[in-house]
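Here are the chains, one letter per residue:
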Amino acid sequence: MKLVRKMPVVAVAVVAATMLAGCTGSEPDAEAKVVTEFPEEWSEPITIDVFDSLANYMGVQEGWFAKIVEDKFNMKLNIIAPNVAGGGDTLYNTRVSAGDLGDLIIVDRGTKLDELVEGGLAADMTPYYGAMTNVAAYDTAVQHANESLGGLYGIPTSVSSIKPTEPSEGIDPTFGPFVRWDLYADQGYPELGTLEDLLPVLKKMQDANPTADNGEPVYALSLFKDWDGNMMVTAKQPACFYGYDELGFVLAKADGSDYQSLLDSDSEYIRSLKFYFDANQMGLVDPESTTQNYDTLFSKFQNGQVLFSWWPWLGQTAFNTAENTAAGKGFELVPIDDQEIFSYGAEAYGAKTEMVIGSQAEDPERIAAFIDWLYSAEGVYANANQTAGTAGPEGLTWELNASNEPELTELGQQMALEGDAAVPEEWGGGEYVAGASALNTTTVVAADVDPATGFSFNYKTWPTYQALVQTPLSEDWSAHMDGATTTMEYLRSNDQLLVAPGASFAAPADSSEIEALRNQVKAIIVQYSWQMVFAKDEAEFNSLLSEMQTQASGLGYDKVLEFDMTNAQAQDDARKAVAAELG
Amino acid sequence: MTAVQVRAPHAAPESTPPITGPRPSNPPRRKSMVMLLCIAPFLVLIFLFSYFPLFGWVYSLYDYKPALGLSGSEFVGLQWFQMLVSSPTQLAQIGQVLLNTLAISFLGIAASVLPLGFAVMLNEVKAPWFKNAVQTLTTLPNFISWVLVYVIAFSLFSSSGLVNDVLVDSGLVTAPLKFLDSDQHVWLSMAAWSVWKTLGWGAIIYLAAISGIDQSLYESARIDGAGRFQLMRYITVPQLMPTYIVLLLLSIANLLNNGMEQYYVFQNAFNKEHLQVLDLYVYNIGMTGNSLSLATAVGMLKSLVSVALLFAVNGIAKRVRGESIV
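In the nomenclature of an unreviewed UniProt entry, chain A is known as ABC transporter substrate-binding protein of Cellulomonas soli. We quote the UniProt Sequence similarities (unreviewed entry) comment for chain A here in full: "Belongs to the bacterial solute-binding protein 1 family."

Draft legend 1. Region of the structure containing helix α25 (residues 557-582) of chain A. In this model, α25 of chain A (26 residues) spans 36 Å end to end at C-alpha, consistent with the 38 Å of a helix rising 1.5 Å per residue. Along α25 of chain A, the residues that are buried comprise Y557, V560, L561, D564, N567, A568, Q571, D572, R575 and V578 of chain A.

Draft legend 2. The arrangement of the side chain of D245 of chain A in detail. Residues and elements named next belong to chain A. With respect to the helices and strands, D245 occurs in strand β7 (residues 244-247). You can call D245 buried: its relative accessible area is 10%. At 2.8 Å, the side chain of D245 forms a polar contact with the side chain of Y344. Setting aside its immediate chain neighbours within four residues, D245 contacts K236, C240, V250, L251, A252, F342 and Y344.

Draft legend 3. Broad picture of a negative patch on the surface. Residues and elements named next belong to chain A. A grouping of E191, D197, D337 and D338 is seen on the molecular surface, where their side chains present a negatively charged patch. As for its position among the elements, D337 is in the loop between β11 (331-333) and β12 (341-347). On the basis of relative accessible area, D337 is assigned to the partly exposed category, the value being 49%.

Draft legend 4. Layout of the nonpolar core. Among the nonpolar cores identified, the biggest contains 110 residues, and L198, Y269, L273, W310 and I525 of chain A are the most heavily contacted of them. Leaving out residues up to four positions away in the same chain, Y269 of chain A has contacts with M231, M232, A235, K236, L251, L262, I525 and S529 of chain A.

Draft legend 5. Quick look at the sheet that holds β7 of chain A. Residue and element names in this part refer to chain A. Spatial ordering of the open sheet is given by β7-β8-β9, a layout of three strands whose pairing is antiparallel. Looking at strand neighbours, the two that pair on one side only are β7 and β9 (259-261), the edges of this open sheet. Direction aside, neighbouring strands of the sheet carry axes that sit 30° apart on average. In the sheet, β7 pairs with strand β8 (residues 250-253) via four bridges, with the strands oriented antiparallel. Pairing of E246 across the sheet is with L251, part of β8. Sitting on the sheet, helix α11 (residues 233-240) touches β7 and β8, and the angle it makes with β7 is about 135°. Its contacts with the sheet place α25 against β7, β8 and β9, and it is angled at close to 165° to β9.

Draft legend 6. Structural view of the pattern of salt bridges. Residues and elements named next belong to chain A. One pass over the full model with this rule turns up 29 salt bridges over all chains. Across the pair D108 and K352 runs a salt bridge whose closest N-O atoms are separated by 3.9 Å. Taken together, the residues D108 in strand β4 (residues 104-108) and K352 in the loop between β12 and β13 (353-357) connect sequence positions 244 residues apart. Between K300 and D286 there is a salt bridge, with the nearest N and O atoms lying 2.5 Å from each other. A residue pair is termed long-range when its members are at least 10 positions apart, and K300 in helix α13 (residues 294-302) and D286 in the loop between α12 (268-281) and α13 qualify at 14 residues. A single burial state applies to K300 and to D286, both of which are buried. Residues joined by salt bridges that share partners form a network here, namely E196, E268 and R271.

Draft legend 7. Layout of the packing of aromatic side chains. According to the stated counting rule, one finds 47 aromatic pairs over all chains in the structure shown. Consider the rings of F73 of chain A and F370 of chain A, whose centres lie 5.6 Å apart with planes at 85°: the pair is edge-to-face. With F73 of chain A in helix α2 (residues 63-73) and F370 of chain A in helix α16 (residues 364-374), this residue pair connects regions lying 297 residues apart in the sequence. By relative accessible area, F73 of chain A is classed as buried at 6%. On the basis of relative accessible area, F370 of chain A is assigned to the buried category, the value being 0%. Feature note: the residues F224, W227, Y294, F298, W310, W311 and W313 of chain A constitute an aromatic cluster, connected by ring pairs. In this arrangement the basic side chain of R518 of chain A is found over the ring face of F249 of chain A, its NZ or CZ atom lying 5.4 Å from the centre. Over the aromatic face of W146 of chain B sits the side chain of K197 of chain B, whose NZ or CZ is 5.0 Å from the ring centroid.

Draft legend 8. Region of interest: the packing of α12 of chain A against helix α23 (residues 512-533) of chain A. Residues and elements named next belong to chain A. Running from N to C, α12 and α23 point in directions that differ by 35°, and their axes come no closer than 8 Å. Counted together, Y269, L273, Y276, F277 and N280 of α12 and I525, S529, M532 and V533 of α23 form the full contact between these two elements. Here the residues of the contact of α12 with α23 sort into seven nonpolar, two polar and no charged.

Draft legend 9. The pairing of β4 of chain A, seen in detail. Residue and element names in this part refer to chain A. A large share of β4 lies buried, amounting to four of its five residues. Looking at chain direction, strand β1 (residues 46-52) and β4 are connected through three bridges and run parallel. Looking across to β4, one finds that F51 is bridged to I105. Here β4 runs beside β13; their pairing, made up of five bridges, is antiparallel.

Draft legend 10. Spatial organisation of the packing of helix α5 (residues 88-110) of chain B against helix α10 (residues 186-211) of chain B. All names here are of chain B. Closest axis-to-axis distance for the α5/α10 pair is 9 Å, and the angle between their directions is 45°. Put simply, α5 runs oblique to α10. Crossing of α5 against α10: the hand is right-handed. Residues L99, N100, A103, I104 and L107 of α5 lie in contact with α10, whose contacting residues are W187, L188, M190 and A191. Broken down by class, the residue content of the contact of α5 with α10 amounts to eight nonpolar, one polar and no charged.

Draft legend 11. Just the environment of S511 of chain A, in detail. Counting through the fold element by element, S511 of chain A comes out in the loop between β16 (497-502) and α23. In this structure the C-alpha to C-alpha distance between S511 of chain A and D264 of chain A, which are 247 residues apart in sequence, comes to 24 Å.

Criteria and cut-off values
- Residues numbered from 1 in each chain as written.
- Chains lettered and ligands numbered in written order.
- Predicted model: local features only at pLDDT ≥ 70, side-chain atom pairs only at ≥ 80, totals over all residues.
- Heavy atoms only, no water.
- UniProt positions renumbered as here; feature names shortened; annotations may be inferred.
- Helix = DSSP H or I, 4+ residues; strand = E, 2+ residues; numbered from the N terminus.
- Expected span 1.5 Å × (residues − 1).
- Buried < 20%, exposed > 50% of the residue type's maximum accessible area, 1.4 Å probe, protein only.
- Polar contact = N/O pair within 3.5 Å; in protein donor to acceptor, adjacent residues only side chain to side chain.
- Contact = heavy atoms within 4.5 Å.
- Patch = residues over 30% accessible without salt bridge, like charges linked within 9 Å, V, L, I, M, F, W, Y side chains within 5 Å.
- Areas by Shrake-Rupley, 256 points an atom, 1.4 Å probe, with all protein chains shown as cover.
- Salt bridge = Lys/Arg side-chain N within 4 Å of Asp/Glu carboxyl O.
- Lys, Arg positive; Asp, Glu negative; His and termini not counted.
- Charge placed at Lys NZ, Arg CZ, Asp CG, Glu CD.
- Core = buried A, V, L, I, M, F, W, Y, C linked by side-chain atoms within 4.5 Å.
- Pairing = 2+ DSSP bridges.
- Axes fitted to C-alpha atoms, helices over the stretch in contact; angles between N-to-C directions.
- Phe/Tyr/Trp six-rings, centres within 6.5 Å; stacked < 30°, edge-to-face > 60°.
- Lys NZ or Arg CZ within 6 Å of the ring centre and 35° of its normal.
- Nonpolar A, V, L, I, M, F, W, Y, C, P; charged D, E, K, R; others polar.
- Parallel < 35°, antiparallel > 145°, perpendicular 65-115°, else oblique.
- Left-handed = near helix turned anticlockwise from the far one by under 90°.

Encoded structure:
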């Protein structure tokens with residue numbers, strides 16, 4: 001009886017205790033001591049959580065990169081990737097509310113970093129900065145990034161010693177109209193005055209090649225929706241062929257000569273939507289576009305089911321294998337007479353993504369040492385992946401040859417030309433690509449020169465590599481492109497490249513009202529853009545366009561646009577200033 | 001086990017308290033105290049899960065930023081509510097969302113006769129193996145998550161799915177039909193998917209009720225010359241009505257809770273306008289759009305509509321039956 005009577009009380013206590021336990025958080029550690037040199041060895045093994053807003057892989061890092069990090073730092077990387085988890089900022093918000101985002105945080109400066117610093121989730125790196133000698137080589141960028149933070153919280157990524165008015169991209173720009181060159185050649189290299197001239201050519205190419213080798217239908221254009229943000233992402237790309245890039249709802253020209261409101265009926269964005277609409281009317285758009293994701297699209301490119309790519313790193317990466325290029329098949333830049341391709345100048349003060357140490361990190365000193373290593377030449381080579389484009393670790397993928405020039409090893413050639421290679425056991429085994437750094441973060445841009453070799457970190461620029469990739473495809477392309485050997489060379493000699501000086505401009509944080517308005521408006525823009533591309537006739541296209549404009553302005557588009565226009569102007573001022581100062 | 005069995009006969013008499021006449025009953029106050037303590041855990045649970053979350057409404061008065069916590073976020077008063085009512089487009093959007101919510105819910109309620117009919121029909125099947133097979137097959141979808149249902153839907157109905165492949169290959173259509181990415185009949189197709197998923201599960205309760213029907217009713221009806229369909233019409237269905245009414249009332253109580261998983265997985269640019277229900281709308285604003293405070297303000301709408309519905313039903317009950325629920 002006594003027990004029975006006490007039961008409710010006990011139950012209440014237990015429930016209350018459980019509830020309260022969920023609400024408590026721990027306080028950050030006390031001040032760390034100043035470090036001037038990192039230890040050579042770390043005795044205790046640890047696993048750190050890396051909250052990485054750029055990663056496309058979630059889980060513990062494996063393979064050769066994991067082995068290098070483990071050998072050097074006795075540390076495993078558990079990568080938490082909001083991109084993989086999906087759902088926008090859900091994962092970020094949940095972890096942030098819990099008071100611990102991660103031990104190493106890779107996040108954008110501006111709104112997020114400011115918030116983390118203010119909320120006490122980021123650790124001040126000042127005590128370790130004295131020992132971070134590799135990072136200190138880019139001190140201007142580091143100081144610039146931390147100017148307003150009242151401490152040293154973020155190390156900017158993609159730092160470089162290249163001039164801000166020079167492209168940061170190496171031999172290929174980020175954007176560009178890339179087509180299946182072999183099929184374009186079959187049509188007799190037709191001249192293209194402007195973007196829309198592509199459509200009839202693509203139509204002929206598609207009609208001549210209705211099915212791919214795997215028996216699936218071929219489409220000139222195939223779209224996807226995963227990366228849609230302020231707008232439909234694939235509809236922004238053609239604007240980049242004309243020197244524009246997005247800043248919120250503004251399309252800003254790289255040289256500051258034009259700012260377009262996204263939804264103006266004559267904006268480059270609407271022009272692209274019309275381009276896709278016309279293409280769809282001609283039967284050139286893959287009907288699966290509406291439901292597929294990037295991975296599906298990528299495998300379609302690999303199978304030769306798509307004829308046009310907005311980026312070299314999609315079409316060429318997927319399809320230009322050794323086998324295909326030897327047969328003369330592959331994606332190459334197509335010359336459009338009026339194109340003026342947008343190029344990102346080397347960011348004088350680094351990219352907007354930064355490396356941050358979490359305030360709850362167990363061993364911040366070791367993480368600081370790890371970050372510092374990522375900025376050393378060894379780290380830059382090792383932190384190679386598809387997007388970074390550096391060569392991989394010396395001794396594994398490349399070595400210096402007899403004439404002291406860097407040259408890909410057999411394994412390196414296999415990796416570069418066939419896409420993957422088996423890694424020997426002493427390097428950790430497994431496949432090369434699966435073992436590459438999943439951080440997906442460029443610390444020092446690959447186009448930078450390694451002082452030890454005198455050549456850039458990007459193997460694609462090495463003369464030894466250029467000689468290696470002479471294929472029927474590249475020879476044919478070069479013959480019809482005034483003898484240019486790389487895309488960049490062609491664009492620069494024809495004055496078709498518009499470099500936006502890298503001013504490391506980060507737009508100030510949206511006020512929460514602007515943010516709420518923006519999120520509602522962008523949902524409408526993305527929704528209607530897709531409907532417009534697949535509209536059944538021109539009348540429907542136009543009525544959807546005006547409906548989109550009314551809906552968007554009803555939800556506060558103009559207010560957000562005004563905010564973005566001010567930012568675009570500020571960005572241009574920053575670009576001009578940096579070009580004058582460092583260009 | 002054995003030890004207990006052996007000891008039990010001896011132990012029993014000793015442990016029985018000596019009977020010393022009628023036990024004095026506890027004073028009434030004390031008794032009700034015990035009763036109160038007995039229900040206390042449930043009161044606590046109700047408080048924690050039904051009233052405590054209402055505290056979350058204060059988030060709608062702040063400009064909440066997770067990294068800064070509530071105390072570090074700025075107090076903005078009624079800014080979000082003003083924003084909701086300030087523009088006609090915004091109001092129209094919320095109106096459309098409520099319309100979607102109610103339409104899909106009412107279609108669901110209308111479809112609630114289907115499990116009843118299905119159970120009645122299934123009951124008439126005489127071959128046990130067939131009956132069991134049908135019941136198992138129709139119950140299974142209930143245990144599949146909506147994500148997997150979408151995978152099934154995608155492999156069947158996408159533009160390269162089975163159905164389109166068959167249609168195109170057989171020459172019935174020239175271009176693949178857009179089943180998933182179209183704005184046609186969204187409410188109906190959503191209701192149909194949820195019927196497919198829950199039909200067998202919903203029928204279980206009716207099958208149980210059928211087995212509880214007094215067999216003498218059937219016997220006397222048969223003696224009166226009733227045929228098979230007359231038995232169904234005059235005995236089975238009327239006997240199931242009380243169960244049906246209870247379930248109907250419960251589903252009306254859940255009018256606004258049509259969940260979001262189903263709509264979340266099926267949503268795309270083409271069907272979003274007619275598929276976005278209240279729960280999904282709140283999720284899209286709060287989680288995908290990262291405006292947690294605005295989402296809270298919209299979410300409060302659900303409580304307001306629920307309270308309005310409750311009073312409406314209460315009023316009707318008062319007028320029709322002369323007694324009210326609250």
